[in-house]
Amino acid sequence: MRIDILTLFPELLETPLRTSLLGRAVEDGLLTVAVTNPRDFAGGRHRTVDDEPYGGGAGMVMQCGPLFAAVESLRDRNSLRRIVLMSPRGRRLDQNLVRELAAEPDLVILCARYEGVDERVSRALVTDEVSIGDYVLSGGELPALVLVEAVSRMIPGVVGKWESVDTDSFYHGVLGPPQYTRPPEFRGMRVPEVLLGGNHAAIGRWRRMEALRATRERRPDLLENLTSEDMDLLAELEAERGRPNTDKEKSQ
Ligand code: ADE
């Protein structure tokens, strides 16, 4: 997969793109990430990329010219099917959108700075506006990195073991199950017994149960479109709630 990121601050992206999982994916050729600076496409002695908003108001607005030219310069390398603008007014990023974007052969991601971009960029250039949450950052660079990392995890081979992705929160529509590692007991807190045995069916069932428990407690809004097996497990959780002397400990 190829991802082109347009930013006025390429240095903000350098280390994260070189480090850990992303860095390895790039090194292994599973992912190509190229960074383009729209300022290189701005005319004039000062290579200006922004101007005051028509109608007045605070802040500066990124102009159409450099952004259109920068995107058009990618035409030979990128299908330009999905041109994503990171923006707090976009569609909220979730695992479904991540999966959808990861299925594309390539993406262009625009990082806006200042008060935003000229509306004609959104209307005539951008195919998707994406937000990483209901808060405002100073620019789209950190949101772009969030998107790139989430998308790259979906590319086969990027995450060493596919099981890691398979147990990620949200991958199967619910939060992930709790995880434990050595030692088996720490300050009186024991690892659930089922995890210490080798019964994979029992471990799988326990994990799904605990994933549903965590989701019910923290994000009940996610408990939609469950399988009939999940409904049975949830019914068990409900029954457990009514009983004294928490079965939760016992089931661990
Ligand atoms: N740019 C500034 N804030 C943002 C947000 N919440 N999501 C995406 N891009 C942004």
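Only a predicted model underlies this, so the values are computations on that prediction, with no experimental measurement involved. (Residues numbered from 1 in each chain as written. Predicted model: local features only at pLDDT ≥ 70, side-chain atom pairs only at ≥ 80, totals over all residues. Heavy atoms only, no water.)

1. Here's the deal with a nonpolar patch on the surface
A surface patch of nonpolar side chains, amounting to about 290 Å² of accessible area, comprises Tyr-135, Leu-137 and Leu-142. Relative to the elements of secondary structure, Leu-137 occurs in the loop between β7 (128–131) and α6 (141–152). Classification of Leu-137 as partly exposed rests on a relative accessible area of 38%. (Patch = residues over 30% accessible without salt bridge, like charges linked within 9 Å, V, L, I, M, F, W, Y side chains within 5 Å. Areas by Shrake-Rupley, 256 points an atom, 1.4 Å probe, with all protein chains shown as cover. Salt bridge = Lys/Arg side-chain N within 4 Å of Asp/Glu carboxyl O. Helix = DSSP H or I, 4+ residues; strand = E, 2+ residues; numbered from the N terminus. Buried < 20%, exposed > 50% of the residue type's maximum accessible area, 1.4 Å probe, protein only.)

2. Structural notes on the sheet that holds strand β5 (residues 83–92)
Judged by pairing direction, the sheet is parallel, and its 5 strands sit side by side in the order β2-β1-β6-β5-β7 without closing on themselves. Bordering the open sheet on either side are β2 (32–36) and β7, each of which pairs with just one other strand. Adjacent strand axes in the sheet meet at a mean angle of 35° when their direction is disregarded. Summarising the sheet, strand β1 (residues 2–6) and strand β6 (residues 106–111) pair through 5 bridges and their orientation is parallel. When the bridges of β6 are listed, Ile-3 appears paired with Leu-107. Together, β5, β6 and β7 form the strand contacts of helix α4 (residues 95–102), whose direction differs from that of β5 by roughly 170°. (Pairing = 2+ DSSP bridges. Axes fitted to C-alpha atoms, helices over the stretch in contact; angles between N-to-C directions. Contact = heavy atoms within 4.5 Å.)

3. Let's talk about helix α2 (residues 20–27)
Regarding α2, the residues found buried are Leu-21, Leu-22, Gly-23 and Ala-25. The inward-facing, buried residues of α2 abut α1 (11–18) and α6. Looking one or two residues past α2, Gly-29 carries a phi angle of roughly 75°, positive in sign.

4. Some words on the domain arrangement of the protein
Frequently, the measure chosen for interface size is the accessible area that the parts lose on association. One can read the domain layout of the protein as domain 1 (2–152) and domain 2 (173–251). The C-alpha-based centres of domain 1 and domain 2 are spaced at 39 Å. (Domains from an automatic or database assignment.)

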